[in-house]
Amino acid sequence: MCIRDRSTWDINQQERMSAEDKSSIYSIAVLIDELRNEDMKKRLNAVRNLPTIVQALGPDRTRTELIPFLCEFVEDEDEVLASLAEVIGGLTEHLGGGQSLLALTKPLELLASTEEGIIRDKAIESMKKILSLCKAKEGETEIMGIIKRLINNAETFASKLAAIAIIPSYFAQMSTANQQEMVSFYRAGSGDENPQIRKAIAANLKHMIAHVPKYPEAEALALFNSLCKDEQDTIRLYCVEQLLALSQVIPYQKSNTFLLSTIKACAEDKSWRIRYVLADKIAEVGKCLDHDAILHYLSNYFANFLQDAESEVRTIAASRTADFCKLVDGTTIVKRLLPALKKLSTDPFVHVRKALAENLLPIAPLIGNANTSEHVIPMFLTLLKDESAEVRLPLLKNLEDLNRVIGVESLSQSLVPTITQLASEKKWRVRMAIIELFPILAKIMGEAAFSERFSPMCLSWLDDNVFAIRESAMKNLQQLTIVLGSKWAEKNILPKLLNYQMHTNYLFRMTPLFAIPMLAPYLSQEAIEKTVVPFILNQIADKVPNIRFNIAKALKSISAYVKNPALYSAITKALAQLASDQDADVKYNASKTNAAQSTQILHLSLIHIS
Amino acid sequence: VRCVQETGLYLKISMKAESQINQLKWNYVNGYGERDRSKVTEQDVLSSLAFDQTGDYISVGDKGGRVILFKKSQGSKASGKAIDYAYFSEIQSHESEFDELKSVEIEEKINRIEWLNRHYKGLFMLTTNDKKIKLWKVFNKEEKKAYGFNLEGTGKGIKALKIPKIKKGGKAVTAQLKKTYQNGHDYHINSLSQCADNEHFLSADDMRVNIWNINISNEVYSAVDIPIENAEDISEVITSASFHPTDPNMFMFSSSKGVIKLCDFRVNSQYDKSSVDYALPEDTQKKNFFSEIINSISYACFAKNGNYMFSRDYITVKTWDIRKNKTPVTNLRLCSYLERKLCDLYESENIFDKFEISSSHDSQFMLTGSYSDSFHVVDRQGGSAVTLTASFDNPKGSYIGTYHTDMVKKPPTLPTFDFSRKVQQAIWHPNLNALAVANHNCLFVFNGTPVSYTHLT
């Protein structure tokens, strides 16, 4: 018996094994077939599963059969091709090294030559990944073959764009002769009549600069100078990041005057987009310069950006103010920058004022008490009265910065009306944001001052007609309880919540049932047992089923904080009553609660015994 | 690039020496389309016309949403060396749609076609109806058929994996829809124009000029967005817009108030702070009931070298030197023959007909259409205007007359006035003296040969 059983088991096992094997072969066969399915979605799915196919075929068959098959793909839909270009980059781990790895570059070479930017970019990324795995000297002939074919493809200039992007990632591994050839290709590209080629060179030059001294320094500077003077500003846009790359590789003092003259040219460019880029990167540029140069030149340019005729430049400069101010001393901020900033506080463009509001208070710790009161506070008060809530809000978010320099208490008279106003703002985003601010305010102002001014407001949101607002009001109260402590909550929140019991609208009677479980962990034992639980039990006969099942839910979570056995049995009794309710939902929730509770009770009794 | 005092703009002025102006004698070469008008449906009426950058292809869009491509023919025996074209391919570019949200039907009519610069393999062409811009790729696709699938035929289990084989067939011209740029316009799109940086193009409707990156169809930058406070108070609409042919920072748009605005992206992101108006002050003495309608610029374009702008309104053509925005170089009352008939034209609503204008390859001439199958070739200085007709009725005698402002005082006129037969689109070959002229459902090709001035008169 036993033996027969054993053999049957073996046979079954064998059959099952081969069936599994078959089904996996079958599913891969389906995937392979679907690479050429008429349905685009199936093709896409098959392409995404290429790693599975490759694993099943092994490196050799992948190289000799699958890759040539994939090369026939290049006229498919863009989405399939983009996915293919990406997936190929991930096949490396299944293919070992050497020739198999290089085989992957064949379809990528074709994909990198397509006119569609998304496909090209993904192919370039995958190509770079594969080249980075190729060890030095390994397959240099093949790789250079690819690069040169891309460069010389007369049919489409897209392949040239790909070559420009790929060259820097393989430059270090090339032979000297090849390096020279690539250097002259880059040089020719920087003067190409097609602006897209020049732009590609400009975008990739920083990667080439990283190869200095292998990439000749003179060459880097020559290309940089020529691209900086390009008639198209989309090409000059890259000049700031090239400059940052140059300052990484070229010794500092030597390039100082050169750096300054380039920065000056950018700062005074007729095209606002160039000024924008410099203003955007001003802090990084500042790190390349010595303190003197920052004080004498860069801070002047920056002050000009703050007063630029183009609002976009003013916006970006204003939003970099906090970062830039860290590079200069307090006197410079006060003398050079604050006058410009002052004008921005009444700028006609809201984005400018918003950027200023975000950056104003972080300046306060840098310039000290006296200067803050004299310069920052008046601007702060102007912005606080701004017509747009988007401007007023960031000021409050940074209040802690101001609080560190001069106590906010002295400002509370001007703060309170603004906060009150924002809290009743029409835009819900603003209301939500201000609600989130209250815990911070509470921390800064302390319990007494806060509850005097804001407690009524925080509580009033519980009366809002929108549930989302009531919900965030509850979250806010929970946060405030954490900051201000249980006593505050018991004194301010609980009475308000208990009042809802009398409300005629059942939706409002629900509010305490939601709020109490949120607050429970932070309330005192006494409050829970003496006030909260009796309050909930009191409502058990409510005529609305919705209320009754929420009572069940609330009891569940709150029972974890109850230690009095008498109260416990009261809760159990109440739940039992609800479990035999007429309403199915109430029944369901009550019995669910019961199960949870019985384990709780068990746990509790164990504690008592021990 | 230098700052020009009068306009305050930094302008790129082409310093290439211009060849001497040669008068041209025009010959009818070929015509395409159904001759019997009774067989022509509304759908067959041509609505847009474009040459590609090389002049090897002409594309023609119609009210049925079709785009028909013509390819330069190798020169048949009959036409000799003439520049002629032959049917190449056809695309159904747009279909009529219904916008459920606004309860309006969107016609399939092709409003505009713009070819992209040919740096890639294949031809790329933007086409648009009132709302949706599409990018088409037209190329020779090799037919590839896969065979030897794993699951082919056999009911038996699969023992080993096979990679299918590919069988290659012949090549066929295929049009592939690459991108659709939509939701950028609330009003009807009237213009498409490619930027000299080869990466962007603009599209314009009555209220907005949008700049798109060719590669990105879900983002758009509104360069001009005229605020609308009350839809009934709209007093000025954009009638056409175009990028500068060589300077990627400049674009212009024309308005129904007879103004061309030239804008520079470098100066400011707000177009009203970075633009200069090219317009004549309003002549209050000559103002009449029709002034507002006939002063609206129906179309404006840059001369090919970028130094001039040509504009067309109902009666006149104007040439503006971009360095001078106060007075036009030329202000020719080309269609003054219509002035006496304005009342009739208003009654029949023909007064709202839009005639386009285009520049010759050497920037010396402008080309624009008129009624009674006729069109005009006008030299930039306004010295002469040649009137020709494009129709099957009398192809050989299509030359009607030349009007020289300095010799004959009599303005040009038309032999008859048939307002139902109008030429609204006519374009010039990008580098040769050849014209493509659309008349109702038909396309006509003309070739020009230089002649001496005196020979013509």
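Summarised in this report is the structure supplied together with it.

Basis of the calculations
- Residues numbered from 1 in each chain as written.
- Chains lettered and ligands numbered in written order.
- Predicted model: local features only at pLDDT ≥ 70, side-chain atom pairs only at ≥ 80, totals over all residues.
- Heavy atoms only, no water.
- Helix = DSSP H or I, 4+ residues; strand = E, 2+ residues; numbered from the N terminus.
- Rg over C-alpha atoms; globule rule 2.2 N^0.38 Å.
- Buried < 20%, exposed > 50% of the residue type's maximum accessible area, 1.4 Å probe, protein only.
- Contact = heavy atoms within 4.5 Å.
- Lys, Arg positive; Asp, Glu negative; His and termini not counted.
- Charge placed at Lys NZ, Arg CZ, Asp CG, Glu CD.
- Buried area = accessible area lost by both parts, 1.4 Å probe.
- Salt bridge = Lys/Arg side-chain N within 4 Å of Asp/Glu carboxyl O.
- Polar contact = N/O pair within 3.5 Å; in protein donor to acceptor, adjacent residues only side chain to side chain.
- Nonpolar A, V, L, I, M, F, W, Y, C, P; charged D, E, K, R; others polar.
- Phe/Tyr/Trp six-rings, centres within 6.5 Å; stacked < 30°, edge-to-face > 60°.
- Lys NZ or Arg CZ within 6 Å of the ring centre and 35° of its normal.
- Expected span 1.5 Å × (residues − 1).

As a further point, take the overall build of chain A. Scanning chain A from terminus to terminus reveals 36 helices and zero strands. Since a compact globule built from 610 residues should have a radius of gyration of about 25 Å, the 35 Å found for chain A marks it as more spread out than a globular shape. In terms of overall dimensions, chain A has a C-alpha envelope of 100 × 90 × 45 Å along the principal axes. In chain A, buried positions account for 53% of the 610 residues. Taking the intrachain contacts of chain A between residues at least 6 apart in sequence as the baseline, contacts between residues at least 24 apart amount to 67%. Here chain A holds 69 positive side-chain charges and 71 negative ones, and the gap between their average locations is 6 Å.

When the parts of a complex come together, some accessible area is lost, and that lost area is often used as the size of the interface. Contacts between chain A and chain B engage 43 residues on the former and 40 residues on the latter. Around 3900 Å² of area is buried between chain A and chain B when both sides are counted, 51% of it from carbon and sulfur atoms. It is Asp 33, Glu 75 and Glu 115 of chain A that lose the most area in chain A upon contact with chain B, and together they represent 18% of the buried surface on that side. For the pair chain A and chain B, the interface holds seven salt bridges. With a shortest N-O distance of 3.4 Å, Lys 178 of chain B and Glu 115 of chain A are connected by a salt bridge. Our count for the contact surface shared by chain A and chain B stands at 16 residue pairs in polar contact (both at pLDDT 80 or more). Residue assignment for the side of chain A that touches chain B shows that the elements contributing at least two residues are helix H1 (2-34), helix H3 (50-70), helix H7 (117-133), helix H11 (195-209), helix H16 (272-280) and helix H19 (311-319) of chain A. If one sorts the elements of the side of chain A that touches chain B by residue count, H1 of chain A sits on top with seven residues. Here the residues of the side of chain A that touches chain B sort into 16 nonpolar, seven polar and 20 charged.

Negative phi is the rule for most residues except glycine; trans is the rule for most peptide bonds. Look at the link from Val 212 of chain A to Pro 213 of chain A: it is a cis peptide, with omega at 10°. Tracing the chain through its elements places Pro 213 of chain A in the loop between H11 and helix H12 (217-228). Despite not being glycine, Ser 372 of chain B has its phi angle at roughly 55°, a positive value. Note on placement: Ser 372 of chain B falls in the loop between strand S27 (365-369) and strand S28 (374-379). When its relative accessible area of 7% is taken as the criterion, Ser 372 of chain B is described as buried.

Attention shifts here to the packing of aromatic side chains. All names here are of chain B. Taken as a whole and assessed by the stated rule, the structure comprises 39 aromatic pairs over all chains. Pairing Tyr 337 with Phe 417 gives two aromatic rings, centres 6.0 Å apart and planes at 45°, and the pair type is tilted. Within this pair, whereas Tyr 337 is found in the loop between strand S25 (330-332) and helix H2 (342-347), its partner Phe 417 is found in the loop between strand S30 (399-404) and strand S31 (425-428), the two being separated by 80 residues in sequence. Arranged with centres 5.0 Å apart and planes meeting at 75°, the rings of Tyr 371 and Phe 419 form a pair that is edge-to-face. One end of the pair, Tyr 371, is in the loop between S27 and S28; the other, Phe 419, is in the loop between S30 and S31, with 48 residues separating them in the sequence. Assigned by exposure class, Tyr 371 and Phe 419 land together as buried. An aromatic cluster is built from Tyr 314, Tyr 337, Phe 355, Tyr 371, Phe 417 and Phe 419, whose rings are joined through pairwise contacts. Over the ring of Phe 139 we find Lys 137, and its NZ or CZ is 4.6 Å from the ring centre. Over the aromatic face of Phe 417 sits the side chain of Lys 341, whose NZ or CZ is 4.5 Å from the ring centroid.

This part is about helix H4 (residues 78-89) of chain A. Taking 1.5 Å as the rise per residue, H4 of chain A with 12 residues should run 16 Å; its terminal C-alpha atoms sit 17 Å apart, in good agreement. Within the sequence span of H4 of chain A, burial applies to Asp 78, Val 80, Leu 81, Ala 82, Ser 83, Leu 84, Ala 85, Val 87, Ile 88 and Gly 89 of chain A. The secondary structure elements touched by the buried residues of H4 of chain A are helix H2 (40-48), H3, helix H6 (105-112) and H7 of chain A together with strand S13 (165-181) of chain B.

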